[in-house]
Amino acid sequence: MKDMSEKPLLIVGEDLCQQLVGRSDAFDAVQDVFAAMARGDAYNFPVIREAIGYADALYGFKSGFDRAGQVLGVKSGGYWPGNLDKGLTNHQSTVFLFDPDTGRLSALVGGNYLTAVRTAASSAVSIAHLARKDSKVLGMVGAGHQSAFQLRAAAEQRDFEKVVAWNPHPEMLPRLGEVAKEIGLDFEAVSQEELGAQADVIITITSAFEPLLMKDWIKPGTHLACMGTDTVGKQEVDAALVASATVYTDEVAQSITLGEAQHAIANGSLTEDQITPIGAVINGDHSGRASADEITLFDGTGVGLQDLAVASVAARLADEAGLAQRAAL
C-alpha cells in the first residue's frame, strides 16, 4: 500500500471551485461544521486580522481543526477596497489544508468564490433553522458582490414571493433585481423603514460602521441574518434591536468581540450567556424559535472552520474527478 504521506499536493483554482462546489454542497458542509463546533468536535483558533498600512488593506488568518471531519488548515487573505477598480474582487484569500495525521500540506484551494458561497450558506442555515415556515418576503440590505450569493441561497430555504432591498448606493440595486427576477421573485427597491415593515427574513451584508436598521422598524416574527460585521467597530443594526432579539451565532467568542453583538455587549444590554451557537439548534440541543412573534437574529461573524469545510469539499471533488493540478513538495 502506498504511503499516503507521499501523495502530491492538490492545487484547486478559483474556476474549478466554482465548477464543482454548489450551494447545496456549501450548505451541507457549513451545517455539519456548525454542528461539530457545538458538540466540541471542532474548534477555531484565534483570528489574526490587521490593517497592513498599505492600499487600505486588511489582512489576516483564520484557522482551525475539525476532528469529526478530519479537516485542518488555515485561510489567509483579506480585504483590498481598491480591487474593484482593477477588475478584481475586494476579498482575496487562499485556503491551505494540511493532513491532520502528518502535518503535511495536502491542498491549496482558491478562497474567493468559496468565501462568498460559504457566507451565503451560513445565513441560509440560519434561515432553515430559525425563520418562520410561512415567511414570504425576503429583505436584502446591501447590494454588493456577496448579495447575489446571499439571495440565491436564501431563496432555497423558504417559499419567498418577493424581495425588498435597500443599499446605500441605490444605483447598485438593479443588478440584485436581475438576480431576483432570474429565480422568479418580484423585486422592489424600498426605504430602510419600509423594508423592515415588509420583510419576514432580512439579510444584512454590508461593510457599515453604523446601524442601518433600527429596532422600531422590525416587525414581530422577523428573522435577521447579520452577515457583514466581522471586525471591531463594524455595525449593521441597532444595538437595541440585537438586545431585544433572541440571538444565535456561529461562534460566541467572535460574536461578542467582533460580531454584530459586540455593541450590545459593550453597553450591557446583552450578555454572553444570552447568545446561542446555531449548532445547538442543528443538533437538537436547543429548540430554536419559540413563537411566531419572536424576533430571531443570527450573528454571522464568519469562522475559519467554514472556509476549511468548503475547501475540503472542493479538494475532494477535484481529486475524485481528476481535475486538480498536482505538485510534489
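Residues numbered from 1 in each chain as written. Predicted model: local features only at pLDDT ≥ 70, side-chain atom pairs only at ≥ 80, totals over all residues. Heavy atoms only, no water.

A. Structural view of the overall build of the protein. On a plain count of helices and strands, the protein comes out with eleven helices and 18 strands. Its C-alpha atoms give the protein a radius of gyration of 19 Å, within 12% of the compact-globule value 20 Å for 329 residues. For the protein, the C-alpha atoms occupy an extent of roughly 65 × 40 × 40 Å along the three principal directions. Among the 329 residues that make up the protein, the fraction classed as buried is 53%. Taking the intrachain contacts of the protein between residues at least 6 apart in sequence as the baseline, contacts between residues at least 24 apart amount to 70%. Counting every atom, the protein has about 14300 Å² of accessible surface; 52% of that belongs to carbon and sulfur. Between the centroid of the 25 positive side chains of the protein and the centroid of its 43 negative side chains there is a distance of 4 Å. (Helix = DSSP H or I, 4+ residues; strand = E, 2+ residues; numbered from the N terminus. Rg over C-alpha atoms; globule rule 2.2 N^0.38 Å. Buried < 20%, exposed > 50% of the residue type's maximum accessible area, 1.4 Å probe, protein only. Contact = heavy atoms within 4.5 Å. Areas by Shrake-Rupley, 256 points an atom, 1.4 Å probe, with all protein chains shown as cover. Lys, Arg positive; Asp, Glu negative; His and termini not counted. Charge placed at Lys NZ, Arg CZ, Asp CG, Glu CD.)

B. Region of interest: the packing of aromatic side chains. Inspection of every chain in the model, using the stated rule, returns six aromatic pairs. Plain terms: the ring middles of Phe34 and Phe298 are 6.4 Å apart, the flat faces sit at 55 degrees to each other, and that makes the pair tilted. One end of the pair, Phe34, is in helix α2 (residues 23–39); the other, Phe298, is in strand β17 (residues 296–299), with 264 residues separating them in the sequence. With respect to class, Phe34 is no different from Phe298; both count as buried. In this structure an aromatic cluster arises from ring pairing among Tyr43, Phe45 and Phe65. (Phe/Tyr/Trp six-rings, centres within 6.5 Å; stacked < 30°, edge-to-face > 60°.)

C. Quick peek at the environment of Ala143. Among the secondary structure elements, Ala143 is positioned in the loop between β8 (137–141) and α4 (145–155). Taking relative accessible area as the criterion, Ala143 reaches 1% and is therefore assigned buried. Residues contacting Ala143, with those up to four places away along its chain left out, are Asn167, Met172, Leu173, Arg175 and Leu176.

D. Looking closely at the pattern of salt bridges. Per the stated rule, a full pass over the model turns up 13 salt bridges. A salt bridge links Arg132 to Asp134, with the nearest nitrogen and oxygen atoms 2.9 Å apart. Taking the relative accessible area as the measure of exposure, Arg132 reaches 14% and is therefore buried. Notably, a salt bridge pairs Glu188 with Lys162, separated by 2.7 Å at the nearest N-O pair. Of this pair, Glu188 sits in strand β10 (residues 186–189) while Lys162 is found in strand β9 (residues 162–166), placing the two residues 26 residues apart along the sequence. Residue class for Glu188 comes out partly exposed when judged on its relative accessible area of 32%. Three or more residues are tied together by salt bridges with common partners; here these are Arg132, Asp134, Asp200 and Lys219. (Salt bridge = Lys/Arg side-chain N within 4 Å of Asp/Glu carboxyl O.)

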